[in-house]
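# Observations on the model geometry
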Amino acid sequence: MNDNAAKPRLGIRDIVHPRAVAVFGASDNKDKFGGRVMHYLTRHGYAGRIVPINPNRAEVLGIPAYPSIDKAPGPIDVAMLTVPAGALLRSVAACAEAGVGCCVIMTTGFAEAGGDEGRERQRQLVEIARRSGMRIVGPNCMGLISPLAKMALTSSLVLEIDRIQTGRIGLVSQSGALMVSIFNRAHDAAIGFSLCVSLGNQCDLEICDFIDYLVEDPETDAICVYVEGFVDGQRFLRSAEACRKAGKPLV
């Protein structure tokens, strides 16, 4: 983080144990991304406040909905965004203005797409985060699953299960597809997690931020990481050394 960056609004613990979650594009329809996110939040017993954002609905799944984030009652710790790439920057800027602590962005079409437009869009995302102190997970991620908070903040169909098992393994994955695949295979083998998070493009929060959190987390005994590329290789070596000192295997 550069010297001109604002102080972060939230730490990792408050992101994975949020008091309130806003869902952009919230819907009753499970065929839509926002509909599945809403369904899994309610199905798995998330006890925090759920804030549906949809300009065309007065309520979603019986929960009062709001036309925009600035009309929703705060504070909101985390906002889940699955809106089209062309509309995303406006939504993220609105979240920053409304005081949201962190945006989890599933939307694709950023640096991973390889074009100048996507890279510029991602640069603007980073600028919003740095200027405001609002954190970003993603873009191009599958969200996160926080079993201890009974929070499934993802649209993946692997959450079509009766109960999220808790365990003492933390899973940090750059790939969203592999995060949910590993979660699914582990569930079938009766293996639970303390946290599963996918980070996508790592435009703000990155792999080491979550490794460092899990090293200090008393509910985590081992850490599993899937990496496609490091933001800072030297930082990863320091994080790995912290795992060793804490006696927590890093796989």
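Residues numbered from 1 in each chain as written. Predicted model: local features only at pLDDT ≥ 70, side-chain atom pairs only at ≥ 80, totals over all residues. Heavy atoms only, no water.

### Overview of the packing of aromatic side chains
This is how the line gets drawn: Think of it this way: a Phe, Tyr or Trp ring, Trp meaning its six-membered ring, pairs with another when their centres are within 6.5 Å, and the plane angle makes it stacked under 30 degrees, edge-to-face over 60, tilted otherwise. Numbering of helices and strands starts at the N terminus; helices are DSSP runs of H or I of at least 4 residues and strands are runs of E of at least 2. Type-normalised accessible area, obtained with a 1.4 Å probe on protein chains alone, sets the label of each residue: buried when under 20%, exposed when over 50%, and partly exposed for intermediate values.
Per the counting criterion, the structure on display carries two aromatic pairs. When the centroid spacing of 6.4 Å and the interplanar angle of 25° are considered together, the rings of F183 and F193 count as stacked. With F183 in helix α5 (residues 176–188) and F193 in strand β11 (residues 193–198), this pair connects stretches of sequence that are 10 residues apart. Each of the two residues, F183 as well as F193, counts as buried.

### A look at the pairing of strand β10 (residues 166–173)
Sheet faces and side chains relate simply in a regular strand, where the side chains alternate between the two faces. Basically, it comes down to this: One bridge is not enough; two strands pair if DSSP finds at least two bridges between them.
Inspection of the sheet shows β10 paired to β11 by five bridges, in the parallel sense. Residue pairing in the sheet places T166 in a bridge with F193 of β11. Pairing of β10 with strand β12 (residues 222–226), which is carried by five bridges, proceeds in the parallel orientation. Note that in β12 the partner of V172 across the bridge is V225.

### A short note on helix α3 (residues 85–98)
Residues lying three or four places apart along an α-helix face the same way, a consequence of the helix completing one turn every 3.6 residues. Condition: Multiply 1.5 Å by the residue count of a helix minus one, and that product is the helix's expected span. Contacts: residue pairs with any heavy atoms within 4.5 Å of one another.
When the terminal C-alpha atoms of α3 are compared, their 20 Å separation across 14 residues agrees well with the 20 Å that a helix rising 1.5 Å per residue should span. The complete set of buried residues in α3 reads A85, L88, L89, S91, V92, C95 and A96. Residues of α3 that are buried sit in contact with β1 (20–24), β5 (78–81), β6 (102–105), α4 (116–132) and β7 (135–137). The first or second residue beyond α3 is G99, which carries a positive phi of 90°.

### Remarks on the nonpolar core
Using the following cut-off: In this text, buried Ala, Val, Leu, Ile, Met, Phe, Trp, Tyr and Cys residues form a nonpolar core when linked through side-chain atoms within 4.5 Å.
In terms of nonpolar packing, the biggest core is built from 42 residues, with L41, V104, V137, L153 and F210 touching the most fellow members. For this core, the element with the most residues is helix α6 (residues 207–216), which contributes seven residues. The residues touching F210, leaving out its near neighbours within four places in the chain, are I12, V16, V137, V172, L195, V197, L199 and L205. Listed in part, the 25 residues of the second largest apolar core include V83, C103, I105 and I136.

### Some points on the sheet that holds β7
The criterion, for reference: Here the axes come from fitting lines to C-alpha atoms, over the contacting stretch only for helices, and the angles between their N-to-C directions go from 0 to 180 degrees.
Taken together, the five strands give an open sheet; going across it, the order is β2-β1-β5-β6-β7, and neighbouring strands pair in parallel fashion. Of all the strands in the sheet, just β2 (49–53) and β7 have a single pairing partner and so form its edges. Averaged over all pairs of adjacent strands, the angle between strand axes in this sheet comes to 20°, irrespective of strand direction. As paired strands, β1 and β5 are joined by three bridges and run parallel to one another.

### Here's the deal with the pattern of salt bridges
Cut-off, in case you're wondering: We define a salt bridge as a side-chain nitrogen of Lys or Arg found within 4 Å of a carboxyl oxygen belonging to Asp or Glu.
If you walk through the whole model with that rule in mind, you get 17 salt bridges. Across the pair R43 and D162 runs a salt bridge, and its minimum N-O distance is 4.0 Å. With R43 in helix α2 (residues 33–43) and D162 in the loop between β9 (151–153) and β10, this pair connects stretches of sequence that are 119 residues apart. Here R168 ties to D221 by a salt bridge, and the two come within 2.6 Å at their closest N and O atoms. Highlighted residues: R168 in strand β10 and D221 in the loop between α6 and β12, separated in sequence by 53 residues. R168 gets classed as partly exposed once you look at its relative accessible area, which sits at 36%.

### Topic: the side chain of S175
Tracing the backbone shows S175 in the loop between β10 and α5. Every residue in contact with S175, bar those within four places of it in the chain, is listed here: S198, Y226 and E228.

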